[in-house]
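Listed below are the residues making up each chain.
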Amino acid sequence: MSADIIDGKAFAASIRDRVAAATGNLKEEFGLTPGLAVVLVGEDPASQVYTRSKERMATAAGMASFEHRLAEETTERELLGLIDNLNADPEVHGILVQLPLPPHLDSALVINAIDPNKDVDGFHISNAGRLATGQTSMVPCTPLGCLLLLKDRIGDLSGKHAVVVGRSNIVGKPMASLLLGANATVSIAHSRTADLAGLCRQADILVAAVGRPGMIEGDWIKPGATVIDVGINRLPSETEGGKDRLVGDVDFAAAKEVAGAITPVPGGVGPMTIACLLANTVVAAARINGLPEPDELTV
Ligand SMILES: Nc1nc(=O)c2c([nH]1)NC[C@@H]1CN(c3ccc(C(=O)N[C@@H](CCC(=O)O)C(=O)O)cc3)C=[N+]21
């Protein structure tokens, strides 16, 4: 039996439609245009592609997009100065500082300088704490996208055993908080987990966020499980001069013979991340201005 392929691209497009509708509504009823500021320091080619895509989709949804491309040598003071300005700018409702930052910049310091109400990545310590304690917060885009895919596929997650492989602050930990909030039983696994394969085999829901191409093997998967592959690993083309290939953390060909449903890479979680960023920006614009939130876009 072959798994259903979860179409993250199509689902993300439907979220962006809802975001565009909510944006149109804020404009018409309140004269408010949600604005997203994207800050990119340095010249990393993959980061340039992602930030361009974020800006393009923000504009397509009717939002204002403010781009700030800074040189690799930008100092911490300069970057913090820009963030102060964006925090104070009434036209900016969402601020995203593309990670990773160059090594001479302290990313925790920089992220925590963002006004938490404008922190559409949900990475500020206050948003992380609020999510972990079950309070309203800005929710990190990638785990939010994964949760929306899971709820769409499974419905009620109560009592499901979810195994999250990876313990990063940007995916693994917030993913676990969201799954707990949805009443799943959650295990967080990582490189030091004993018998990782055995633990994964117990998972009704398996979320892979480790950044190691094809690490999760087909026989680690419980038959019928829902598999969410967060990995975006760029591998050189198999043919000379060809384009790089994108692969996930799951051995997709093997896993799809066992799983009940699985996200592909590309076309799974990636597009959901950007759609959720736009959703967070509309929600932030509404909250900051004390307006009713478009509730179909929050969890
Ligand atoms: N502050 C911050 N916030 C982020 O959300 C953030 C970040 N920094 N740094 C980099 C990562 C990476 N990321 C992706 C977003 C969309 C796709 C995406 O749309 N991927 C497409 C393929 C795109 C392609 O072909 O390269 C897909 O999976 O189908 C991938 C990766 C957001 N990130």
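Residues numbered from 1 in each chain as written. Predicted model: local features only at pLDDT ≥ 70, side-chain atom pairs only at ≥ 80, totals over all residues.

Caption draft 1: A look at the overall build of the chain. Along the chain, the regular secondary structure elements total 10 helices and 11 strands. Relative to the compact-globule value of 19 Å for 299 residues, the chain shows a C-alpha radius of gyration of 19 Å, a close match. The principal-axis extents of the C-alpha atoms in the chain amount to approximately 50 × 45 × 35 Å. A burial count over the chain gives 44% of its 299 residues as buried. The long-range share in the chain, meaning contacts at least 24 apart out of those at least 6 apart in sequence, stands at 67%. (Helix = DSSP H or I, 4+ residues; strand = E, 2+ residues; numbered from the N terminus. Rg over C-alpha atoms; globule rule 2.2 N^0.38 Å. Buried ≥ 20, exposed ≤ 12 C-beta atoms within 10 Å, placed from the backbone. Contact = placed C-beta atoms within 7 Å.)

Caption draft 2: Region of the structure containing unusual backbone geometry. Each neighbour pair has its own omega, and for Leu99 with Pro100 the value is 0°, a cis peptide bond. Of note, Pro100 is situated in the loop between strand E4 (94-97) and helix H4 (107-111). Even without glycine at this site, Asn183 takes up a positive phi of about 70°. By secondary structure assignment, the location of Asn183 is in the loop between helix H7 (172-181) and strand E6 (185-189). The phi angle at Asp195 is positive, at roughly 50°, despite the residue not being glycine. In this fold, Asp195 is placed in the loop between E6 and helix H8 (196-200).

Caption draft 3: Region of interest: the sheet that holds strand E5 (residues 161-165). Taken in spatial order, the six strands make up an open sheet running E1-E11-E8-E7-E5-E6, and their pairing is parallel. Among the strands making up the open sheet, the edge pair consists of strand E1 (4-5) and E6. In this structure, strand E8 (residues 226-229) lies alongside strand E11 (residues 261-262), joined through two bridges in parallel fashion. Paired with Thr226 across the strands is Ala261, a residue of E11. (Pairing = 2+ DSSP bridges.)

Caption draft 4: Region of interest: the sheet that holds E4. Across the sheet, which stays open at both edges, the three strands sit in the order E3-E2-E4 with parallel pairing between neighbours. Strand pairing shows two members of the sheet lacking a second neighbour, strand E3 (64-70) and E4, which therefore form its edges. With strand direction ignored, the average angle separating the axes of adjacent strands in the sheet is 15°. Bridge count for strand E2 (residues 35-41) against E3 is seven bridges, and the pairing is parallel. By the bridge assignment for E3, Gly35 is matched with Ala64. Most of the contacts of helix H2 (residues 45-60) go to E2, to which it runs at about 170°, and overall it touches E2 and E3. Helix H3 (residues 76-88) rests against E2, E3 and E4 of the sheet, and its axis sits at about 180° to E2. (Axes fitted to C-alpha atoms, helices over the stretch in contact; angles between N-to-C directions.)

Caption draft 5: View of the domain arrangement of the chain. The domains assigned to the chain are domain 1 (33-118) and domain 2 (141-271). For domain 1 and domain 2, the distance between their C-alpha centres works out to 28 Å. (Domains from an automatic or database assignment.)

Caption draft 6: Geometry of the site of the ligand. Residues in contact with the ligand amount to 17 residues; listed here are only the nearest, Gln98, Leu99, Pro266, Gly270 and Thr273. Of all elements in the fold, only H2, E4 and helix H10 (269-288) reach the threshold of two or more residues within the shell around the ligand. Of all the elements, H10 adds the most residues to the shell around the ligand, at four residues. When residues are assigned to domains, the shell around the ligand turns out to be shared by domain 1 (33-118) and domain 2 (141-271), each giving three or more. (Near = placed C-beta within 6 Å.)

Caption draft 7: Just the UniProt feature "binding site: NADP(+)" (unreviewed entry) in the chain, in detail. According to UniProt, the positions carrying the feature "binding site: NADP(+)" (unreviewed entry) are Gly166, Arg167, Ser168 and Ile232. Once residues lying within four places of it in the same chain are set aside, the contact partners of Gly166 are Val171, Gly172, His190, Ala209 and Val210. Its place among the elements puts Ser168 in the loop between E5 and H7. The exposure class of Ser168 is partly exposed, given the 16 C-beta atoms found within 10 Å. (UniProt positions renumbered as here; feature names shortened; annotations may be inferred.)

Caption draft 8: Main features of the pairing of strand E7 (residues 205-208). Every second residue of E7 is oriented toward a common face, with Ile205 and Val207 on one face and Leu206 and Ala208 on the other, all of them buried. Pairing of E5 with E7, which is carried by four bridges, proceeds in the parallel orientation. Looking at the pairing, Val163 lines up with Leu206 of E7.

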